[in-house]
Amino acid sequence: AGTRKQDAYTVKVPEHDALCVIVSDGAGSSSHGGEGASLVCRMLSTVICDWIANHGGLPPDDQLYEWPDLVRDRLALVAKKRELTKRQFASTLVALIVRGDDLLTLQVGDSALVARKAGQWEAICWPENGEFASTTYFITDDPEPRLQIVRKAAGDYDAFAAFSDGIDSIALHHANQEPHARFFDPMIKPVDQASERGRLVALSAALGRYLDGPAICDRTDDDKTLVLVSRG
């Protein structure tokens, strides 16, 4: 459509045994949703990496509930400086944080996260829709965002996929609330088999072309973000 993309993501490796993945989707009904998504990724990843650098383990739930408030306060400040409202930066988020043997996820809205355990894919963060059709929850919601927190044993999982709602109709079986293994298995295979570590530039480019190709775009006209992680 020639407009700004509304998805954003970030991946950080703050320590050798730590990982932070965030995907955010700006609200299409908000004038600055894409900027909001970018700000959410940047601000939240900074907060997470600062915590990991200065504390042992992962934070307790009461600390986690403070993080969206910090992000919201900064969004409100940006909005005020630009004579806009916080709501104009509305965006969802899903975050994966792994440190050592511990794993936690944060979710607001309809972005999702799935993981592979013993060869089978399971949903850890299922898309949350709002009260009405085609609606969801945003980090800018008042009086507070609808934050979902999940904790797991990191060692149980050897692969993860975080994604925005642009591909959930392809990646998820909604009737059974299960990931489509036929979608994720071939997606993760080249990541499993990669000899190098860190961001895989050639595979990322190939994934981008696939998500932007007719096989996917004929089935969804939304922005599409998919972050694949293998611990192989």
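Structure: see above.
The model shown is predicted, which means the values in this text are computed figures rather than measured ones.

Cut-off values and rules
Residues numbered from 1 in each chain as written. Predicted model: local features only at pLDDT ≥ 70, side-chain atom pairs only at ≥ 80, totals over all residues. Heavy atoms only, no water. Helix = DSSP H or I, 4+ residues; strand = E, 2+ residues; numbered from the N terminus. Buried < 20%, exposed > 50% of the residue type's maximum accessible area, 1.4 Å probe, protein only. Contact = heavy atoms within 4.5 Å. Core = buried A, V, L, I, M, F, W, Y, C linked by side-chain atoms within 4.5 Å. Pairing = 2+ DSSP bridges. Axes fitted to C-alpha atoms, helices over the stretch in contact; angles between N-to-C directions.

### Looking at the environment of Ser-45
Note that Ser-45 resides in helix α1 (residues 33–54). On the basis of relative accessibility, which here comes to 3%, the residue Ser-45 falls in the buried class. Beyond its immediate stretch of four places on either side in the chain, Ser-45 contacts Thr-10, Lys-12, Cys-20, Ile-22 and Val-40.

### Some thoughts on the nonpolar core
Leu-44, Ile-48, Trp-67, Leu-75, Leu-93, Ile-97 and Leu-106 are the most contacted members of the largest nonpolar core, which totals 29 residues. When contributions to this core are tallied by element, the ones reaching two or more residues are β2 (18–25), α1, α2 (61–81), β3 (93–99) and β4 (102–108). The leading source of residues in this core is α1, at 10 residues. For Ile-48, the residues in contact, after removing those within four places along its chain, are Cys-20, Ile-22, Trp-67 and Ile-97. With 22 residues, the next largest nonpolar core counts Ala-161, Phe-183, Phe-184 and Met-187 among its residues.

### Brief notes about the sheet that holds strand β1 (residues 7–12)
Strand order in the open sheet made by the 5 strands is β1-β2-β3-β4-β7, with antiparallel pairing throughout. Whereas interior strands pair on both sides, the edge strands pair on one side only; in this sheet they are β1 and β7 (148–153). Averaged over all adjacent pairs, the angle separating strand axes in this sheet is 10 degrees, with direction ignored. In terms of strand pairing, β3 meets β4 through 7 bridges, oriented antiparallel. Across the sheet, Leu-93 pairs through a bridge with Val-108, a residue of β4. α1 contacts β1, β2 and β3 of the sheet and is inclined by roughly 160 degrees relative to β2. Packed onto the sheet, α2 meets β3, β4 and β7 and runs at close to 135 degrees relative to β7.

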